[in-house]
Amino acid sequence: MNKNKTDKIVVGLTKWFGIALFIGIIIWGAIYFFKGYRYEQTNDAQVDAYLSPINAKVGGYISKIYYKDNQLVKKGDTLVVIELDEYGLKKDAASAELMSSHAKLPILTASEETQLKSIEVIKAQLAGAKARLNQQQKEFDRYKNLLADESTTQQKFDNISASLSIAQSDYDQAKASLEVAESKLNDFRAQHNAIQAEIKIKETLVQRQELDIRYTVITAPFDGQIGKKTIQEGQLIQAGQTLAFFVEQSRGKMGDCKF
């Protein structure tokens, strides 16, 4: 009787132990699956952090690499330097073109001032031609009446008529000269505006070249740990290429992790 009771107790304990073990396995599996889904696993350690790629913003040959595998770095530390000879030449060329555009402005300004003075002279000539034309018109009208009254000769009237034609021609010529001079001044002003726009474009190009030069020095974006080095000095890289992966120190646990 005692033996049967003992057997029942053993069977009961075994049963509950099996249930507890089964539940424990289920819980352990759920935790393992959750961690494996959330974090990246490595052979040496688990990286409880987010990997940030470090990409090149410009292409070129790598001049120097300043980090080692899995090195801890501070924000702003230089990681990679790209040869900048080509970018320096481009900046020099852009700066020279900008200087050339700036040099055009004083010449154009002087031309505008000269043209304004010419316009003032032509306007004075036009005013004189207008006065002479009015005077000749009055003479013509007077001699026309005299000729009708037979108080002057046809030859005298013809001379007055010819003088009126000359005065009209001088006035028309002065007026046309003024229109040409003003049109030329407008051309100078249009060129001035075009050069100003050209300067702004070339200033932007110079700024772009200066930015590319800064991009040849790749620095750490924040404190953290850089991964395994996959590039080498002398290697040609392209803009946008991923050079390494980075773990931000403030967003995860750091350890001897290998990316």
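Residues numbered from 1 in each chain as written. Predicted model: local features only at pLDDT ≥ 70, side-chain atom pairs only at ≥ 80, totals over all residues. Heavy atoms only, no water.

## Remarks on the environment of Tyr66
Stage number 1. Along the chain, Tyr66 turns up in the loop between strand S4 (60–65) and strand S5 (72–73).
Stage number 2. The contact partners of Tyr66, leaving out residues within four places of it in the chain, are Gln71, Thr78, Leu79 and Val81. (Helix = DSSP H or I, 4+ residues; strand = E, 2+ residues; numbered from the N terminus. Contact = heavy atoms within 4.5 Å.)

## Considering the nonpolar core
Stage number 1. Grouped together as the largest cluster of nonpolar side chains are 20 residues, with contacts concentrated most on Tyr67, Leu79 and Val80.
Stage number 2. Elements with a minimum of two residues in this core: S4, strand S6 (78–82) and strand S10 (242–248).
Stage number 3. Not counting chain neighbours up to four residues away, the residues in contact with Val80 comprise Ile62, Lys64, Tyr67, Thr216, Val217, Ile218, Ile231 and Leu243.
Stage number 4. Counting residues in hydrophobic clusters, the runner-up holds 16 residues, among them Ile119, Ala129, Tyr143 and Leu164. (Core = buried A, V, L, I, M, F, W, Y, C linked by side-chain atoms within 4.5 Å. Buried < 20%, exposed > 50% of the residue type's maximum accessible area, 1.4 Å probe, protein only.)

## Side note on the packing of helix H2 (residues 85–148) against helix H3 (residues 154–215)
Stage number 1. Packing of H2 against H3 leaves a shortest axis separation of 6 Å and a crossing angle of 165 degrees. With respect to each other, H2 and H3 are oriented roughly antiparallel. With respect to the hand of their crossing, H2 and H3 are arranged in left-handed fashion. (Axes fitted to C-alpha atoms, helices over the stretch in contact; angles between N-to-C directions. Parallel < 35°, antiparallel > 145°, perpendicular 65-115°, else oblique. Left-handed = near helix turned anticlockwise from the far one by under 90°.)

## Topic: the pairing of S6
Stage number 1. The element S6 is extensively covered by neighbouring structure, given that four of its five residues are classed as buried.
Stage number 2. Of the strand pairs in this sheet, S6 and strand S7 (residues 217–219) are connected by three bridges, and their pairing is antiparallel. Note on S7: the bridge partner recorded for Val81 is Val217. (Pairing = 2+ DSSP bridges.)

## Section: a nonpolar patch on the surface
Stage number 1. A contiguous nonpolar patch, built from Ile19, Ile23, Ile27 and Ile31 and spanning about 340 Å² of accessible area, is present on the exposed surface.
Stage number 2. You can see Ile23 is positioned in helix H1 (residues 2–38). (Patch = residues over 30% accessible without salt bridge, like charges linked within 9 Å, V, L, I, M, F, W, Y side chains within 5 Å. Areas by Shrake-Rupley, 256 points an atom, 1.4 Å probe, with all protein chains shown as cover. Salt bridge = Lys/Arg side-chain N within 4 Å of Asp/Glu carboxyl O.)

## A short note on the packing of aromatic side chains
Stage number 1. Per the counting criterion, the structure on display carries two aromatic pairs.
Stage number 2. Ring centres 5.2 Å apart and planes at 35 degrees place the aromatic pair Phe140 and Phe157 in the tilted group. With Phe140 in helix H2 and Phe157 in helix H3, this residue pair connects regions lying 17 residues apart in the sequence. There is no split in this pair, since Phe140 and Phe157 are both buried. (Phe/Tyr/Trp six-rings, centres within 6.5 Å; stacked < 30°, edge-to-face > 60°.)

## Quick look at H2
Stage number 1. Along its 64 residues, H2 runs 92 Å from first to last C-alpha, staying within 8% of the 94 Å computed at 1.5 Å per residue.
Stage number 2. Downstream of H2 by one or two residues, Glu150 has phi in the positive range, about 60 degrees. (Expected span 1.5 Å × (residues − 1).)

## Focus: the pattern of salt bridges
Stage number 1. Counted by the stated rule, this structure contains seven salt bridges.
Stage number 2. Residue Glu198 pairs with Lys104 through a salt bridge whose shortest N-O separation is 3.6 Å. One end of the pair, Glu198, is in helix H3; the other, Lys104, is in helix H2, with 94 residues separating them in the sequence.
Stage number 3. When salt bridges with common partners are traced through the structure, they connect Lys104, Glu198 and Lys202 into a single cluster.

## A look at the layout of surface pockets
Picture a little ball the size of a water molecule; that probe, rolled over the atoms, points out where space is still empty.
Stage number 1. The space that makes up the largest pocket amounts to roughly 210 Å³.
Stage number 2. Pro53, Ile54, Asn55, Lys57, Arg214, Tyr215, Val217, Ile218, Thr219 and Pro221 are the residues that line the largest pocket.
Stage number 3. The set of elements that each furnish at least two residues to the lining of the largest pocket consists of strand S3 (51–55), H3 and S7.
Stage number 4. In the lining of the largest pocket, the residues fall into six nonpolar, two polar and two charged. (1 Å grid on protein atoms, 1.4 Å probe; cavity = no way out; pocket = protein on both sides within 12 Å on 5 of 7 lines; lining within 4 Å. Points joined across faces, edges and corners; volume = space filled by probe spheres on them. Nonpolar A, V, L, I, M, F, W, Y, C, P; charged D, E, K, R; others polar.)

## A closer look at the sheet that holds strand S9 (residues 236–237)
Stage number 1. Pairing in this open sheet of four strands is antiparallel, and the strands run S7-S6-S4-S9 from one edge to the other. Since the sheet does not close on itself, it has two edges, and those belong to S7 and S9, each with one partner.

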